[in-house]
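Understanding the architecture of this molecule
Residue strings, one per chain:
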Amino acid sequence: MQNLIEQFMLEHQITGLTLAITHQGKPKSVQAFGSRCAANSDPMQLDTLVRIASVAKPITAALVLRLHELGRIELERTACSYLSSDILPASVKIDSQMKTVTVRQLLHHCGGWDRAVSPWRDPMFKNQEIAKRLEVTPPVSVEAIIEFMLKQPLDFTPGD
């Protein structure tokens with residue numbers, strides 16, 4: 001099996017991955033393959049944190065729609081209304097337009113952000129730049145990135 005996985009990784013230019021095989025909810029095999037990134041040969045470990053980027057979008061959308069089916073999320077309700085007050089520091093002042101973005105608008109990618117207009121719309125690989133703007137030493141914490149992004153103005157009116 002290891003040869004098949006290594007061949008798959010080579011064919012698809014995947015430097016590293018972790019794989020879990022389960023049966024009836026119990027792990028039967030859990031392994032790490034390859035290296036953490038193309039820039040170095042640090043081996044993947046089972047606890048290596050990796051960015052999953054856009055892979056999370058359809059999974060999140062499916063979960064949101066399932067919660068909507070169960071009556072736990074309203075698509076026309078604002079996304080901010082689902083955030084508890086302990087998520088963000090009280091000092092964060094969210095743009096008034098951002099407070100109007102609905103769950104449906106987020107699912108339809110019309111919440112007001114456009115990374116073609118603003119390079120800050122996708123902060124995934126902007127840690128150094130964000131650290132410089134925040135005047136902090138990298139790496140920037142997840143909380144600081146969220147706070148930074150919430151302070152950025154929207155690129156267009158939500159829903160447009």
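Residues numbered from 1 in each chain as written. Predicted model: local features only at pLDDT ≥ 70, side-chain atom pairs only at ≥ 80, totals over all residues. Heavy atoms only, no water.

1. So, the sheet that holds strand β1 (residues 16–23)
The three strands lie next to each other as β1-β2-β3, forming an open sheet whose pairing is antiparallel. One side of each edge strand has no neighbouring strand; the edge strands of this open sheet are β1 and β3 (40–43). Across the sheet, the axes of successive neighbouring strands diverge by a mean angle of 15°, strand direction being ignored. The sheet contact formed by β1 and strand β2 (residues 26–37) spans eight bridges and is antiparallel. From the neighbouring strand, Ile21 faces β2, where its bridge partner is Ser29. (Pairing = 2+ DSSP bridges. Helix = DSSP H or I, 4+ residues; strand = E, 2+ residues; numbered from the N terminus. Axes fitted to C-alpha atoms, helices over the stretch in contact; angles between N-to-C directions.)

2. Digging into the state of the cysteines
This model, assessed by the stated rule, comprises zero disulfides. No disulfide involves Cys110; its sulfur sits 15 Å from the nearest other cysteine sulfur, which is in Cys80. (Disulfide = S-S within 2.5 Å.)

3. What about the nonpolar core?
Residues Trp120, Ile130, Ala131, Val140, Ile145, Phe148 and Met149 constitute the largest nonpolar core, which totals seven residues. Here the element with the most residues in this core is helix α5 (residues 142–150); it accounts for three residues. Other than its neighbours up to four places away in sequence, Val140 contacts Asn127, Ile130, Ala131, Leu134 and Ile145. Judged by nonpolar contacts, the second largest core, of six residues, contains Val92, Ile94, Met98 and Leu154. (Core = buried A, V, L, I, M, F, W, Y, C linked by side-chain atoms within 4.5 Å. Buried < 20%, exposed > 50% of the residue type's maximum accessible area, 1.4 Å probe, protein only. Contact = heavy atoms within 4.5 Å.)

4. Some words on unusual backbone geometry
Here Pro138 and Pro139 are connected by a cis peptide whose omega angle stands at 0°. Tracing the backbone through its elements, the reader meets Pro139 in the loop between α4 (127–134) and α5. At His109, a position not held by glycine, the phi torsion is positive, near 60°. Of note, His109 is situated in the loop between α3 (103–107) and α4. A positive phi angle is found at Glu135, which is not glycine, with a value near 60°. You can call Glu135 exposed: its relative accessible area is 72%.

5. Looking at the pattern of salt bridges
One pass over the structure, following the stated rule, counts three salt bridges. Among the ionic pairs, Glu76 bridges to Arg104, the shortest N-O distance being 2.3 Å. Taken together, the residues span a long stretch of sequence, with Glu76 in the loop between α2 (56–69) and α3 and Arg104 in helix α3 at a distance of 28 residues. What makes Arg104 partly exposed here is its relative accessible area of 35%. Glu147 is the partner of Lys151 in a salt bridge, and the nearest nitrogen-oxygen pair spans 3.3 Å. (Salt bridge = Lys/Arg side-chain N within 4 Å of Asp/Glu carboxyl O.)

6. Description of the packing of α4 against α5
Viewed as axis vectors pointing N to C, α4 and α5 meet at an angle of 75°, and their least axial separation amounts to 11 Å. When the interaxial angle is binned, α4 and α5 end up roughly perpendicular. Facing Asn127, Ile130, Arg133 and Leu134 of α4, the residues of α5 in contact are Ala144, Ile145 and Phe148. Grouping the amino acids of the contact of α4 with α5 by side-chain chemistry returns five nonpolar, one polar and one charged. (Parallel < 35°, antiparallel > 145°, perpendicular 65-115°, else oblique. Nonpolar A, V, L, I, M, F, W, Y, C, P; charged D, E, K, R; others polar.)

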